[in-house]
Every structure is written in C-alpha cells, then in structure tokens.
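Chains, contacts and geometry: an overview
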Amino acid sequence: MSHSNINKAYENPGLAFLETALYHMPAAYAEITGNPGNGEIMGMVRFYSAEDGVLVNAEIYGLPTSDEDCADNIFGFHIHEGNSCTGDSSDPYANAGQHYNPTSCPHPAHEGDMPPLFGNDGFAWMTYFTDRFTIADIIGKTIIIHSNPDDFTTQPSGNSGSKIACGTIFATANRQ
C-alpha cells in the first residue's frame, strides 16, 4: 500500500503498520545474542515488507542496566555489512564488518543507521518504518547492538562503543 493509499485507507497511517506487525509474518528476521561478558542479551529483530519501505521491529532482553541517576540506557543499533557474528578475543563480532553503507553516505545517513534502542530495566522494544533499504538488500547482513548511544555525528559509526550483541539477518522462508 502506498503512503497515499495508507492515508486514504486509515485515518491514522500508523494503524496500517501496527496491523502489519501484529497480523503478518515478517519477510526477514535476526535472532540477537550477546557476547560473553555482557549478560544474557537475546532477542529478535523482524523486518516486514511495506509498499514504500520496510517496517522494522526490535524486541531485545537482557540489555545492560545502570542504577545511576540519569543513566541513559541507550544503545546504538545498526545493520552492518558483514555476514557473520564471529570474531576474535579483541572483537567478538569483528566479522560483522562496518555499518551497511553501499552508497558511501556520511554517518548518520548510512543505509544501516537505525534509531537507538532505549533500554527499560534491560528490555527494549521499538518499531519504525524506513525506505533506506529493502528486504533483499539486507538478507545475510548482520545487526549489531552497541554499548553506547549513537551520537549521529562521529564518522564512521557515531562513537557508539563496543559491539555487545549481534544477529544475522535471514529471509523468513529460510527459518528452520
């Protein structure tokens, strides 16, 4: 459904997105797991096809928490160009590669730049709509959760800290 059709079909276009997320199978997904030393981070990121873009839904558990006053509990959240959540002792997700950025845009205009995750007692849930990529563009890429919020300025990755969790994006038809 195009944006104009969504606006005609619904008084509130967000309702069409909510119905998509509630009643349709995602076209792609990534199961997220944390690296050792960062608790038991786990979750799912789902990608739904929409007429003019992609609806992205993230549901993450076990994010680091802080009891400090004014703690932000905000985490960078990006699609990376690599195809594996593997690495070495210095970077457990080194093979996730850099931010997905096929058009070489400056940060934060990379195709892989996504809104940050806002943790709430270790849990984050977010849905947003984008036209920066298609489902086909991201199959086989990785999703990274970073330890710090993205500053949306620093090149090339927003100074978002270490990689604390990762998942590879698969087409739903390949789910086993």
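This write-up is about the structure you can find in this document. For every chain, the first residue of the written sequence is number 1, and numbering continues from 1 along that sequence. The model is predicted, so local features are restricted to residues of pLDDT at least 70 and side-chain atom pairs to those at 80 or more, both for listing and for counting; the totals for chains, interfaces and linings are taken over all residues. To get the side-chain values, take all heavy atoms of the structure and skip hydrogens and water.

1. Observations concerning the state of the cysteines
The definition used for a disulfide is geometric: two cysteine sulfur atoms within 2.5 Å. The tally for this structure, following the rule as stated, stands at one disulfide. Note on cysteine connectivity: Cys 85 is disulfide-linked to Cys 166, with sulfurs 2.0 Å apart. Taking the sign of the S-S torsion, about -70 degrees here, the bridge from Cys 85 to Cys 166 comes out left-handed. Separated by 81 residues along the polypeptide, Cys 85 in the loop between β5 (77-80) and β6 (117-118) and Cys 166 in strand β9 (residues 163-171) bring together distant segments of the chain. Buried, partly exposed and exposed residues are distinguished by accessible area as a fraction of the type maximum, computed with a 1.4 Å probe on protein chains only: under 20%, between the cut-offs, and over 50%, respectively. Taking the relative accessible area as the measure of exposure, Cys 85 reaches 23% and is therefore partly exposed. Segments assigned H or I by DSSP are reported as helices when at least four residues long, segments assigned E as strands when at least two residues long, and all are numbered from the N terminus.

2. Structural notes on the sheet that holds strand β8 (residues 142-146)
What makes two strands pair is DSSP finding at least two bridges between them. Spatially, the seven strands line up as an open sheet ordered β5-β8-β9-β1-β2-β3-β7, and their pairing is antiparallel. Looking at strand neighbours, the two that pair on one side only are β5 and β7 (124-130), the edges of this open sheet. On average, each strand axis in the sheet is inclined to that of its neighbour by 20 degrees, with strand direction left out of account. As judged from the six bridges shared by strand β1 (residues 28-34) and strand β2 (residues 42-50), these two strands associate in the antiparallel manner. Bridge pairing links Thr 33 to Met 42 in β2. Note on definitions: angles span 0 to 180 degrees between N-to-C directions of axes, and those axes are lines fitted to C-alpha atoms, for helices only across the stretch in contact.

3. Some details on the pairing of β8
Counting buried positions along β8 gives five out of five residues, so the element sits mostly inside the fold. Alternating positions in β8 separate into two faces, Thr 142, Ile 144 and His 146 on one and Ile 143 and Ile 145 on the other, with burial throughout. When β5 meets β8, the two strands line up antiparallel, connected through four bridges. Its bridge partner being in β8, Phe 77 is matched across the sheet by Ile 145. Bridging between β8 and β9 involves five bridges; their strand directions are antiparallel. Residue Ile 143 lies in a different strand from β9, and its bridge partner there is Gly 167.

4. Here we look at the nonpolar core
Counting residues in hydrophobic clusters, the biggest one holds 28 residues, and the most contacted among them are Phe 47, Ile 143 and Ile 145. Only β1, β2, β3 (53-61), β5, β7, α3 (135-138), β8 and β9 provide two or more residues apiece to this core. Of all the elements, β3 adds the most residues to this core, at four residues. Here, two residues are considered to be in contact whenever any of their heavy atoms come within 4.5 Å of each other. Discounting residues that sit within four places of it in the chain, Ile 145 has contacts with Ile 32, Ile 60, Leu 63, Phe 75, Gly 76, Phe 77, Leu 117, Ser 162, Lys 163, Ile 164 and Ala 165. As used in this record, nonpolar core signifies buried Ala, Val, Leu, Ile, Met, Phe, Trp, Tyr and Cys residues forming a set joined through side-chain atoms within 4.5 Å.

5. Brief notes about the pattern of salt bridges
The salt bridge definition used is simple: a Lys or Arg side-chain nitrogen within 4 Å of an Asp or Glu carboxyl oxygen. Counting across every chain of the model gives two salt bridges. Linking Arg 46 and Glu 59 is a salt bridge whose minimum nitrogen-to-oxygen distance equals 3.4 Å. Of this pair, Arg 46 sits in strand β2 while Glu 59 sits in strand β3; the two residues are 13 residues apart in sequence, bridging distant segments of the chain. The class of Arg 46 is partly exposed, set by a relative accessible area of 22%.

6. A short note on the pairing of β2
Both β2 and β3 contribute to a ladder of nine bridges, which runs antiparallel. Bridge pairing in β3 links Met 42 to Tyr 61. Between the end of β2 and the start of β3, which pair antiparallel, lie two residues.

Note that every value here comes from positions in space, so none of it alone points to a role or purpose.
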